[in-house]
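Spelled out, the chains give:
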Amino acid sequence: MSSNSLPIYVWWYIFYRKNKTRSIPKIMGGEFMKQADCIIIGGGIAGIQAAIQLGRYKHDIIVIDSAHGRSTIAKAYHNILGWPDGVSGSQLRSLGRQHAEKFGVEFFNDSVTLLEKRQDKFFIRTANSLEYQAKTIFLGTGITDNIPPIKNLYPTLGTSTYICPDCDGYEIMNKQTVVLGGGNAGASMALTLLYWSKDIVYVNHLKSKIDDKYRKKLEENKIPVYEEEVQEVIIDAKQQLTAIQLVNGKIIEAEKAFTAFKGNKLNNNLALQLGVKVNDSNHVVIHPRTKETNINGVWAGGDLVAHSEQVTISMGDGTQAAIWIHKRLMGEPPPYMD
């Protein structure tokens with residue numbers, strides 16, 4: 001047989017081995033479907049950490065990532081062991097991917113649109129109409145923050161504008177800080193930040209109702225409240241926040257800022273497709289020891305599950321889940337089965 005007469009699925013396989021930036025579709029009615037021991041959906045912190053651990057077990061691992069996760073917009077994390085000067089989400093992701101690829105883990109830039117279980121296998125279809133099959137699944141699809149498209153806000157995220165006080169409250173120590181938020185959420189954030197700075201201003205960007213109990217506390221702590229939309233964040237040559245300009249033209253000088261808007265979206269659609277149990281806040285429910293969901297063969301971690309939304313906790317979720325995924329792939333039953 002000449003090379004020109006090779007079947008099309010063979011050509012696809014040759015192409016795939018040379019170009020591991022794309023997956024292989026289910027060709028010509030299903031002659032070829034990419035398969036793995038575990039497919040990790042979401043290449044954020046939890047997903048990459050799980051990939052590293054599973055790769056070190058020498059399993060066939062695929063990570064499908066849309067590259068739109070929370071860690072892609074964080075310019076700096078300051079509370080992670082080994083990074084005293086901070087590290088960006090993009091750097092962590094890049095280093096983590098390189099680490100995982102050393103162990104044969106494959107990464108594909110795509111979005112999963114369909115996830116279903118048939119008997120003891122999982123089947124995936126993506127936005128690019130590609131199909132995959134896996135023995136196990138790890139969901140690390142995370143959360144999408146509700147951050148308004150205010151001019152110049154995104155470039156400051158993680159360096160002078162923050163979201164999480166547990167992560168970055170320290171960064172505003174004794175500094176002029178403005179809270180951009182809406183209603184009670186913003187008021188609560190402003191009050192929380194008093195632990196680190198007494199120089200706090202609250203801009204109720206959404207002009208949402210602030211309950212009397214919050215207004216009273218704001219007044220007692222001498223926190224000014226502006227009921228006005230933000231026009232833009234004023235930044236310097238290093239893209240550091242220096243002030244906030246309101247729609248009415250008023251400029252509020254500040255060194256730091258926090259956002260506090262309700263409406264963050266848990267990316268749990270795929271979990272719900274499978275019948276994975278969620279709690280009252282729509283976080284995926286997992287076993288505290290193994291990180292497995294109520295669906296046999298499906299694990300989850302990171303901000304998709306209920307915890308403090310910390311990078312280091314997400315790393316732990318990924319590692320812990322990977323350990324139990326490995327055990328399952330080796331034929332061990334769940335430890336909590338009778």
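Residues numbered from 1 in each chain as written. Predicted model: local features only at pLDDT ≥ 70, side-chain atom pairs only at ≥ 80, totals over all residues. Heavy atoms only, no water.

What about the overall build of the protein?
Point 1. Helix and strand counts for the protein stand at eight helices and 17 strands.
Point 2. Within the protein, buried positions represent 49% of all 338 residues.
Point 3. For the protein, the accessible surface area stands at approximately 16,800 Å², while carbon and sulfur atoms represent 49% of it. (Helix = DSSP H or I, 4+ residues; strand = E, 2+ residues; numbered from the N terminus. Buried < 20%, exposed > 50% of the residue type's maximum accessible area, 1.4 Å probe, protein only. Areas by Shrake-Rupley, 256 points an atom, 1.4 Å probe, with all protein chains shown as cover.)

Notes on empty space enclosed by the protein
Point 1. Applying the stated criterion to the full structure yields one cavity of 30 Å³ or more.
Point 2. W324, K327, R328, E332, P333, P334 and P335 together form the lining of the largest cavity.
Point 3. Its residues assigned to classes, the lining of the largest cavity comprises four nonpolar, no polar and three charged. (1 Å grid on protein atoms, 1.4 Å probe; cavity = no way out; pocket = protein on both sides within 12 Å on 5 of 7 lines; lining within 4 Å. Points joined across faces, edges and corners; volume = space filled by probe spheres on them. Nonpolar A, V, L, I, M, F, W, Y, C, P; charged D, E, K, R; others polar.)

Points about unusual backbone geometry
Point 1. We note that N174 has phi near 55°; this positive angle belongs to a residue other than glycine.
Point 2. Mapped onto the secondary structure, N174 falls in the loop between α4 (165-168) and β9 (177-181).
Point 3. Of note, the phi angle at E309 is positive, near 55°, even though the residue is not glycine.
Point 4. Within the fold, E309 resides in the loop between β17 (298-300) and α8 (311-329).

Some remarks on the packing of aromatic side chains
Point 1. Under the defined criterion, the tally for this structure stands at three aromatic pairs.
Point 2. Aromatic side chains F108 and Y132 sit 6.0 Å apart centroid to centroid with 50° between the ring planes, which places their arrangement in the tilted category. Here F108 is found in strand β3 (residues 106-109), whereas its partner Y132 is found in strand β6 (residues 131-139), with 24 residues between them in sequence.
Point 3. Assessed through its relative accessible area of 0%, Y132 is described here as buried.
Point 4. Ring centres of Y162 and F258 lie 5.5 Å apart, and the angle between their planes is 50°; this geometry places the pair in the tilted category. Note that Y162 is positioned in strand β8 (residues 161-162) and F258 in strand β15 (residues 256-260), a separation of 96 residues in sequence. By the burial criterion, Y162 is buried, and F258 matches it. (Phe/Tyr/Trp six-rings, centres within 6.5 Å; stacked < 30°, edge-to-face > 60°.)

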